[in-house]
Amino acid sequence: MRAPFSSLFAGRPRRAPAALALFVAAMAAMPLVAGDYLLSVLILVLFAAYLAQAWNIMMGFAGLLSIGHALYIGIGAYASAALFVHYGTSPWIGMLAGVTIAALAGAAIGALSFRFKVGGVYFALLTIAFAEFTRILADHFGWIGASSGLFLPVANRATSDVWHLRGAPVMFYYLLLAAVLALLALGRLLLGRRIGYYWQAIREDEEAAKALGIDVFRCKLAAVTLSAGLTAVAGVFHAFYYNNLYPETIFAIGRSVELMLPAIIGGLGTLFGPILGAFLLTGLSEALTNATADWGIDGLKQLLYGLVLAIVVVLRPDGIWPWIAARLGLGAAPHPPASRVPPSARERSEGALPQGQP
Amino acid sequence: MLLANILVAGLLTGAVYALMALGLSVIFGVIRIVNFAHGEMMVLGMFGAWALNRFLHLDPLWAMPLVAAALFLAGYALQRGLINRFVARPEHMQFLLMLAIAIMLTSAMLMGFGPDARNVQLDYAFDSYDLGGLLVDKVRVLAAGGAVAGAALLWAFFRFARTGKAIRACADNYLGAQVVGLDVKRLYAITFGIGAACVGAAGSLMLLLVDVHPYLATDYTLLAFIIVIVGGLGSLGGALLGGLLIGLSEALSGFFIDPSMKSMFSYGLLILVLLVRPQGLLGRRL
C-alpha cells in the first residue's frame, strides 16, 4: 500500500502557492470583519491547528504516537505564568524557560523509551503515564498554586502590551496566526531535508531504516524534542490568553487526545491536514454546541461529535486533506503514512514489544 | 493491626481491579487492539448493575451474570460490526475508533443516567467480619469473591473449552489458525465479547464499593492499562498480580501519604515497569 516512489518527487502544482496566499490573506483580514464571537472561535482554531502541527512532527513525520502532549503544554504554561506572577518576568523570557524544560522533558522521555526499545502502543502509554504523573505532582506543588490554580492579573484589554502579552484577543489572534504559519514553513523545510526523509523512512519501516544506516535513535529523539519544545510555545499563549491554570485541566489526558484529533482527521503527516482538521473539528464542536444548546440535553453534543469522528475514521482513513487536495488539484505531497499495515509488518510489530531484551 | 486492615482492603479491591484488567488483557492478547473504551464499558457495567438494583431490587452480586451476559452480546456485536475492519489498520486509527466509541458511550450514559453519582443501598453495606482483630468489610469480601470466581471461570474456559483453545490458537498463530480452518472473525468477536463480559462483571462488583457516575470512565481506562502493563499484557496471571499490586499500592499510598496522590504511585510503578521490564512482571519474553 505504499504510494509510488515517483509521487515523492512530483512537482507541486502551481495552484498550491496561490491557494496558500489566498488563505493567509483571508486569515490576516479576518479581524477586520469578524465579531468578538467569531474571533474567539478562530483563536480556538489557531490553537488547535498549531498544537496539531506540533504533534504531527512526532506522529505524522516520524511515526511516534504520543498521547501525552498535554505535558508539554502544561510545562510551557506553568513555567511562563509562574515566572510572570512571581517575578514579573516577560512571557517571552518565560517561553524560553518553558520551551527548554519541555524539550528536555521530551528528550528524557524519548531517550528512556528508545534506549529501552519501548515502541508502539507501549510508547503511547508511557507518554500518558508521564503526563498523568506530572498532573498529580503539579496538584501538590505549592509554588505554582497546586490544585487551587494559578491566576494571572486580569489584562487591560484596551492597549496591547506585546512584551508582557497583556492585551486584546486580536493580539493573540495575530500571534497565533504567525505561529501557525511559521510552523507550516518549518514543516515544509524539515520534510525537504535529510532529517525529514529519515523520519519518513523510520515511520514506514524502522528496521529497514536501521539497515540503511540511519541513526534511528537520534532521529526519533530529535522529533520528540522538537515537538515537545514547539508544543510548549502554545502553552505560553494559553496561559496568557486564559489567565488561569489548573493542573486538572491543563495536564488532562482529554487535552492530549483532543490536540491530536485535527492532525488525524485532517491527514497525518501532511502539512495542511492539521490546519484543515482544526477548522473542521472546532467548527463542528461550535456548531454542535449552538445547535444542541436549545434542546438542553446533557451529552447530546458529545454523542454527535463521537459519531462524526467514527464516520470520518471509517470512511476517510487517510484523513480529509489528501482527499480534498486531490480533488482540488493541489497535490497532497508529501504522502501520508500507509493507512493499512501490511500483514508482514503487523506480524512483526506485535504491539512493538522490544525485540532485543535490554 | 490498622496497617493489616488496610493491606487486606487493598488486596480485596485489587481483585476487582484484576477482573477489569483481565478483560483488557484478553482483548489485546488476542485481537491486538488496545481497548481505549475499557473504562467506559466498566462504567456501563456499573450503571447496568445499578439499574437492575434500582428497578428489580437485585443485589449487584446477582446482577453480575446478567450484566456480563449483556456486555458479552454488546461486545460481540461491536467487534463483528465495526472493530473487525480495523484489525489490520495502524494503531492510531484503532485508537481513534475506540476513542469515538468511548465518547459516544460516555455521552449516552450522561443522557441516560445524568451526571450525578449513584449508589446502591444494601442492608449489609456496613457489616464486617472480625478475624481475631482483623476487620474486613463484608462488601469487599463479596466483591473480591465474585472477581476470583469470574477469573477462575475465564481460566477454565481458555484451558478446557474447545472455543477457548481455538481462541488461544488464533492468538499464538494468526495465519496457522486460518490455515486449519478456524473462523477467526467469529473467534475475535467472541473474544471481544468475553473481554466486555469481564469488565461488565467487574463493574457490577465495583458498584458494591464505590458510587458510579459517567466521568469515572477515563480513570478506569487508565487504571486498567496500568495493571495490565505492570502484570504483563496478554497474561492472565499477570493481570491478577497487577490488580493486587495496584490495589495494595493505592491503599498504602492513600494511608501513608495522601489519598489524592495514590494514582501517582501507580503511574510511577507503570513507568518503572515499562523501562525496566517492558513485557511486564509475568509477561512472556517476546
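Just above, that's the structure.
Computed from a prediction, not measured in an experiment: that's the story for all the values here.

Enquirer: Hey, could you run me through the interface of chain B and chain A in this one?
Expert: As a measure of interface size, the accessible area lost when the parts come together is often cited. Every contact between the two is made by 49 residues of chain B and, on the other side, 54 residues of chain A. In this assembly, chain B packs against chain A so that about 4,800 Å² is buried in total across both faces, 76% of it on carbon and sulfur atoms. Applying the counting rule to chain B against chain A returns zero salt bridges. Every element with two or more residues in the side of chain B that touches chain A is listed here: helix H1 (2-31), helix H4 (91-113), helix H9 (217-231) and helix H11 (262-276) of chain B. At 14 residues, the largest contribution of residues to the side of chain B that touches chain A is made by H4 of chain B. Per-class residue counts for the side of chain B that touches chain A are 36 nonpolar, seven polar and six charged.

Enquirer: Sorry if this is basic, but what is going on with a positive patch on the surface here?
Expert: All names here are of chain B. Judged by side-chain charge, Arg 159, Arg 162, Lys 165 and Arg 168 come together as a positively charged surface patch. Among the elements that line the positive patch, the one with the most residues is helix H6 (residues 162-172), at three residues. Note on placement: Lys 165 falls in helix H6. Here Lys 165 falls in the partly exposed class, since its relative accessible area comes to 45%.

Enquirer: What should I look at first to understand helix H11 (residues 253-266) of chain A in this one?
Expert: Note: α-helices contain 3.6 residues per turn, so residues at a spacing of three or four share the same orientation. Residues and elements named next belong to chain A. Helix length check: H11, at 14 residues, gives a terminal C-alpha distance of 21 Å against a target of 20 Å (1.5 Å per residue), a fit within 8%. Of all the bends found along H11, the most pronounced is centred on Met 260 and spans about 25°, while Pro 262, a proline, follows it within four residues. Counting buried positions along H11 gives eleven out of 14 residues, so the element sits mostly inside the fold. The complete set of buried residues in H11 reads Ile 253, Ser 256, Val 257, Leu 259, Met 260, Leu 261, Pro 262, Ala 263, Ile 264, Ile 265 and Gly 266. Just past H11, the residue Gly 267 takes up positive phi, approximately 140°.

Enquirer: Would you mind going over the pattern of salt bridges with me for this structure?
Expert: When the charged atoms of two side chains lie near each other, side chains of opposite charge can form a pair. Applying the stated criterion across every chain yields a total of seven salt bridges over all chains. Measuring nitrogen to oxygen at the nearest pair gives 4.0 Å for the salt bridge that ties Lys 210 of chain A to Glu 207 of chain A. Taken as a pair, Lys 210 of chain A and Glu 207 of chain A lie in helix H8 (residues 206-211) at a separation of three residues, close to a single helical turn. Classification of Lys 210 of chain A as partly exposed rests on a relative accessible area of 38%. According to the relative accessible area criterion, Glu 207 of chain A is partly exposed, its value standing at 38%. Glu 250 of chain B is the salt-bridge partner of Lys 262 of chain B, the closest N and O atoms lying 4.0 Å from each other. Placement of the pair is Lys 262 of chain B in helix H11 and Glu 250 of chain B in helix H10 (residues 236-256), with a sequence separation of twelve residues. According to the relative accessible area criterion, Lys 262 of chain B is partly exposed, its value standing at 33%. With a relative accessible area of 11%, Glu 250 of chain B lands in the buried category. Connected through shared salt-bridge partners, Glu 132, Arg 135 and Glu 248 of chain A make up one network.

Conventions we followed
- Residues numbered from 1 in each chain as written.
- Chains lettered and ligands numbered in written order.
- Predicted model: local features only at pLDDT ≥ 70, side-chain atom pairs only at ≥ 80, totals over all residues.
- Heavy atoms only, no water.
- Contact = heavy atoms within 4.5 Å.
- Buried area = accessible area lost by both parts, 1.4 Å probe.
- Salt bridge = Lys/Arg side-chain N within 4 Å of Asp/Glu carboxyl O.
- Helix = DSSP H or I, 4+ residues; strand = E, 2+ residues; numbered from the N terminus.
- Nonpolar A, V, L, I, M, F, W, Y, C, P; charged D, E, K, R; others polar.
- Patch = residues over 30% accessible without salt bridge, like charges linked within 9 Å, V, L, I, M, F, W, Y side chains within 5 Å.
- Areas by Shrake-Rupley, 256 points an atom, 1.4 Å probe, with all protein chains shown as cover.
- Lys, Arg positive; Asp, Glu negative; His and termini not counted.
- Charge placed at Lys NZ, Arg CZ, Asp CG, Glu CD.
- Buried < 20%, exposed > 50% of the residue type's maximum accessible area, 1.4 Å probe, protein only.
- Expected span 1.5 Å × (residues − 1).
- Bend = angle between axes of the 7 residues up to and from the residue.

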